[in-house]
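Structural characterization, general
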Amino acid sequence: MHRAKALALFAALLLAPLVGQVAAQSPSTETLVKAAHLLDPRTGNVLSPAAVLIEDGKIKEVGLPSQVQAAAGVTTIDLGSATLLPGLIDSHTHLFLNIVIPPEEELKRHLNPFFAPAQLLAIVESPTKRAFLGAQNARGDLESGITTVRNLGHSGIDGDTELRDAINAGRVPGPRILAAGRKLITRGDYLQDLNPALADAILNQEFLFIDGADQARAAVRRNVFQNVDVIKVTADENLTVPELAAAVEEAHRNHLKVAVHAIQKAAIQTAIDAGADSIEHGTEATDEQLKQMREKGIFLDLTLTAYDGWFLKIMEPSIVLSPEYRASRATRDARHDQELNQLVQRVLKSGVKFAAGTDMCWYWPGKTCGEASVTTLLNLRKATVPALDVIRAITVNAAEMLGWQDKIGAIEPGKFADLVAVSGDPVADITELERVRFVMKNGEVVRNDLVTH
C-alpha cells in the first residue's frame with residue numbers, strides 16, 4: 001500500500017468516532033409549529049390542539065402534539081391560542097401596477113378613464129422603476145399572508161417572470177408567483193387613441209396581439225420562450241372562437257393553463273367554447289353558461305374588486321369630488337353590487353367550481369398592496385358567501401384552479417409549508433384574515449406577532 005493511502009486510511013479510522021459524534025450532535029433541520037387550532041378548509045374540520053412538523057420547507061406530519069414525532073432538538077414555534085390555516089392564494093393580481101384614479105375633470109377626457117392613463121405611464125416610464133414597484137407589492141402581499149399569487153399580465157415584457165425567479169432565488173421576499181408574461185389581446189383593448197407612429201412600440205411592451213389563429217399560436221410561443229407559468233387572454237367581442245381555441249391548444253401542448261378575462265356574455269361563451277381553463281370575472285355569466293362551465297370543469301375566478309363603495313373609498317382620500325359625481329358614483333356602485341350579489345348566488349346554486357382573485361392593481365390610500373388585497377378577497381363574504389367557502393376559494397379551490405393542488409392550498413404532508421395564523425376563529429369572523437399574526441412560507445417565518453416559546 002502506498003504511504004499516502006495508508007496515512008489517509010489511518011486518519012479516516014481515527015476520525016470516524018468524532019464524525020459520528022458531530023453528526024449526532026448536529027441541530028435538527030426540522031421545525032415544529034404548534035397552535036391551539038388548525039383549520040382544514042377542505043373539510044371544515046378543526047384540529048385542536050395541533051402540531052405541524054416541517055422538514056426542508058415541506059410539511060412532514062400533521063396531528064395532535066402528542067402524536068407528531070419530532071427529533072430531539074427540534075426548533076419549536078408555539079403560537080399559543082392561535083388558529084392555523086394554509087397560506088392564502090390570490091388567483092388574479094397585477095403586482096406591477098398601482099393605479100391612481102385621476103381627478104374628476106380628467107376622467108371625462110379618456111375612453112378608459114379609470115385605468116388607461118396610469119397604465120400608459122407604467123408602460124412608458126422606466127422598467128426598473130416598475131420592477132421595484134412589483135417587488136414592493138410582492139412583499140406587501142407576503143407579509144399579509146398571501147403566500148401564492150397568479151400575476152395575470154400588466155408587468156411589461158418580463159417583469160413577473162423575473163420577479164418570480166428573484167423570489168425563488170431568495171434575492172427578494174415575496175409570494176410564490178405564477179407568471180403570465182404579456183397578456184394576449186385583440187387590437188383596441190385597454191389603450192386607445194395612441195399616436196399611430198408610436199402605438200405598436202408602446203403596446204408591444206405590455207401585450208401580444210391576436211389577429212388570426214396562427215398569430216394566437218405565435219403569441220403563446222413567445223410567452224413560452226419567456227418561461228411563463230400560465231397564459232392570460234382577454235376575450236372581447238372581436239376575439240373569435242377559432243383564435244382563442246388555437247391559443248388554448250398551443251398552451252395545453254406546452255402544459256400551460258389558460259385564464260381568460262371575460263365579462264360580457266358573448267366573451268364568456270367564446271371562452272367556454274374554446275376550452276379555457278378558467279374564466280376571470282364572468283360578470284354577465286348566465287345560468288346556462290355556469291352549467292356549461294360546471295360540466296366542462298372550467299373554473300370561475302370571482303373578482304369582487306369594485307364592491308361595497310370601493311371606488312369612493314380609494315378616490316375620496318386623494319382627490320376632491322363634486323357632490324354630483326359622488327352621488328352618481330354611489331348609485332352606479334350600488335347597482336353594480338346588486339349585479340355581483342346576484343351572480344354570486346347563482347354561482348353557489350350552480351355548483352360550478354370557483355376561486356377568488358383581487359384584480360389588484362389599484363392604489364388604496366393607507367393600505368399596502370397585501371392589506372388591500374386581503375380586504376378585497378373578503379368582499380365575497382359581504383356578498384353572502386359562507387365564510388368557509390370564502391376560505392376554500394382562496395386556498396384549496398385556488399390551488400386546484402392553478403394546477404398546484406399537490407403543492408399548496410392545504411396543511412397536509414408533502415405540501416409546501418405555507419402557513420398563516422390568526423388570533424381568533426376565521427370561520428366565525430372572516431375579518432380575522434385582515435389581522436394575520438403569523439406568516440410562514442416554505443418553512444421560513446416571514447412575520448410572527450404572536451408569543452412563541
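None of the values given here were measured: they were computed from a predicted structure.

A word on the packing of helix α4 (residues 127-143) against helix α13 (residues 369-377)
Remark: α4 packs on α13, axes separated minimally by 6 Å, with the N-to-C direction vectors making an angle of 55°. Relative to α13, the element α4 lies oblique. Every pair of crossing elements has a handedness; the one defined by α4 and α13 is right-handed. Of α13, the residues touching α4 (which contributes N137, G140 and D141) are C369, G370 and S373. Considering only residue class, the contact of α4 with α13 consists of one nonpolar, four polar and one charged.

With respect to empty space enclosed by the protein
Applying the stated rule across the entire model yields one cavity of 30 Å³ or more. As for the largest cavity, its lining consists of Y307, D308, W310, K313, W364, T375, N379 and K382. Residue assignment for the lining of the largest cavity shows that the elements contributing at least two residues are α11 (310-315) and α14 (379-382). Classifying every residue of the lining of the largest cavity gives three nonpolar, two polar and three charged.

As for the sheet that holds strand β20 (residues 444-448)
Here we have six strands laid out as an open sheet, ordered β3-β2-β7-β18-β19-β20, and mixed in their pairing. With one partner strand each, in any of the chains shown, β3 (46-47) and β20 form the two edges of the open sheet. In this structure, strand β7 (residues 83-86) lies alongside strand β18 (residues 419-422), joined through four bridges in antiparallel fashion. If you follow T83 over to β18, its bridge partner there is V422.

Digging into the pattern of salt bridges
Evaluated as defined, the whole model comprises 30 salt bridges. Note that D301 is salt-bridged to R150, the shortest N-O span being 3.2 Å. Of this pair, D301 sits in strand β16 (residues 299-302) while R150 is found in strand β9 (residues 146-151), placing the two residues 151 residues apart along the sequence. With a shortest N-O distance of 2.8 Å, D418 and R176 are connected by a salt bridge.

Considerations on the layout of surface pockets
For the largest pocket, the calculated volume is near 1200 Å³. Lining the largest pocket are 42 residues, and of these N112, H261, I263, H281 and D359 lie nearest its centre. If you list the elements that add at least two residues to the lining of the largest pocket, you get β13 (230-234), α11 and α12 (323-350). If one sorts the elements of the lining of the largest pocket by residue count, α12 sits on top with seven residues.

Calculation rules
Residues numbered from 1 in each chain as written. Predicted model: local features only at pLDDT ≥ 70, side-chain atom pairs only at ≥ 80, totals over all residues. Heavy atoms only, no water. Axes fitted to C-alpha atoms, helices over the stretch in contact; angles between N-to-C directions. Helix = DSSP H or I, 4+ residues; strand = E, 2+ residues; numbered from the N terminus. Parallel < 35°, antiparallel > 145°, perpendicular 65-115°, else oblique. Left-handed = near helix turned anticlockwise from the far one by under 90°. Contact = heavy atoms within 4.5 Å. Nonpolar A, V, L, I, M, F, W, Y, C, P; charged D, E, K, R; others polar. 1 Å grid on protein atoms, 1.4 Å probe; cavity = no way out; pocket = protein on both sides within 12 Å on 5 of 7 lines; lining within 4 Å. Points joined across faces, edges and corners; volume = space filled by probe spheres on them. Pairing = 2+ DSSP bridges. Salt bridge = Lys/Arg side-chain N within 4 Å of Asp/Glu carboxyl O.

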